[in-house]
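Observations on chain architecture
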Amino acid sequence: MRKTFLTLFYSGLSPKAPGTVGSLVALILGFAVLYISSATTLFLLTILISILAIKEIDKYELETSTHDNSEIVIDELAGMWLCLSMVANSEYSLVPIAILGFVYFRILDIKKPSIIGKIDAKVKGGLGVMGDDIVAGFFAGLLALATFKIISMIF
């Protein structure tokens, strides 16, 4: 059960780009949550899943003596869902802004600039695994909103 949760229904076991595959699965699941509920629900689920994931990652890392194993992609879900919950209530069409948020999230998660990289390097355990992606999701949401605002001002 833990492996299913941490690998986001085994999407983290993808032989190529497990983080991107996990983020894509998270995006699709996020759209499903938004379809049946609201951005507030998505945000609250993000918090709940993040808390559970921190505990489960701590257990997993203790058992496997690893840190931030690439198959763990529940952190991508938390980052993507935070980004989605930020852009979902905006004045902009959900699909294009969510796709832009996905692109920004992947760039930030891979490059790990500034505080994202510091969290990744210095914070240990489940909090470190989850923390950098949550911060990346926050900044991805901000960047997507800012980009759409700038585009709307120009056109």
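Here we summarise the structure given alongside this text.

Parameters and conventions
Once a new chain begins, its residue numbering starts again from 1 and follows that chain's sequence as written. Thresholds applied to this predicted model are a pLDDT of at least 70 for local features of residues and 80 or more for the giving and counting of side-chain atom pairs; totals over whole chains, interfaces and linings are not thresholded and use all residues. Note: side-chain values were computed over all heavy atoms of the structure, leaving out hydrogens and water. Two aromatic rings, drawn from Phe, Tyr or Trp (for Trp, its six-membered ring), form a pair once their centres lie within 6.5 Å of each other, and the interplanar angle then sorts them: stacked below 30 degrees, edge-to-face above 60, tilted otherwise. Only DSSP runs of H or I with at least four residues qualify as helices, and only runs of E with at least two residues qualify as strands; both kinds are numbered from the N terminus onward. In this scheme, a residue with accessible area under 20% of its type's maximum is buried, one over 50% is exposed, and one in between is partly exposed, where area comes from a 1.4 Å probe on protein chains only. Nonpolar cores were defined as sets of buried Ala, Val, Leu, Ile, Met, Phe, Trp, Tyr and Cys residues, with membership established by side-chain atoms within 4.5 Å. Throughout, a residue-residue contact means that at least one pair of heavy atoms, one from each residue, lies within 4.5 Å. By definition, a salt bridge exists where a carboxyl oxygen of Asp or Glu is found within 4 Å of a side-chain nitrogen of Lys or Arg.

Considering all chains together, one arrives at 2 aromatic pairs under this definition. Relative to Phe148, the ring of Tyr92 lies with its centre 5.4 Å away and its plane at 55 degrees, an arrangement referred to as tilted. Linking Tyr92 in the loop between helix H4 (74–87) and helix H5 (94–111) with Phe148 in helix H7 (residues 125–154), this pair joins segments that are 56 residues apart in sequence. As far as burial versus exposure is concerned, Tyr92 and Phe148 are alike and both buried. Both rings, one in Phe138 and one in Phe139, keep their centres 5.4 Å apart while their planes meet at 75 degrees; by these two values the pair is edge-to-face.

Counting residues in each nonpolar core, the largest one holds 36 residues, and the members touching the most others are Ile57, Ile72, Ile74, Leu77, Trp81 and Leu84. Elements that contribute at least two residues to this core include exactly helix H2 (18–36), helix H3 (39–64), H4, H5 and H7. In terms of residue count, H4 provides more of this core than any other element does, 8 residues in total. Look past the residues within four positions of Ile72 in its chain and what remains in contact with it is Leu6, Ile57, Tyr60 and Val129.

It is worth spelling out the pattern of salt bridges at this point. Overall, the coordinates contain 8 salt bridges when judged by the stated rule. In this structure, Arg106 and Asp109 form a salt bridge, with 2.7 Å as the shortest nitrogen-oxygen distance. Taken as a pair, Arg106 and Asp109 lie in helix H5 at a separation of 3 residues, close to a single helical turn. A relative accessible area of 10% places Arg106 in the buried class. Linking Asp132 and Lys112 is a salt bridge whose minimum nitrogen-to-oxygen distance equals 2.8 Å. Taken together, the positions of Asp132 in helix H7 and Lys112 in the loop between H5 and helix H6 (114–122) put the pair 20 residues apart, joining distant regions of the chain. For Asp132, a relative accessible area of 0% gives the class buried. Of the residues examined, Lys112 reaches a relative accessible area of 23% and is grouped as partly exposed. Salt bridges linked by common partners bring Glu76, Arg106, Asp109, Lys112 and Asp132 together as one network.

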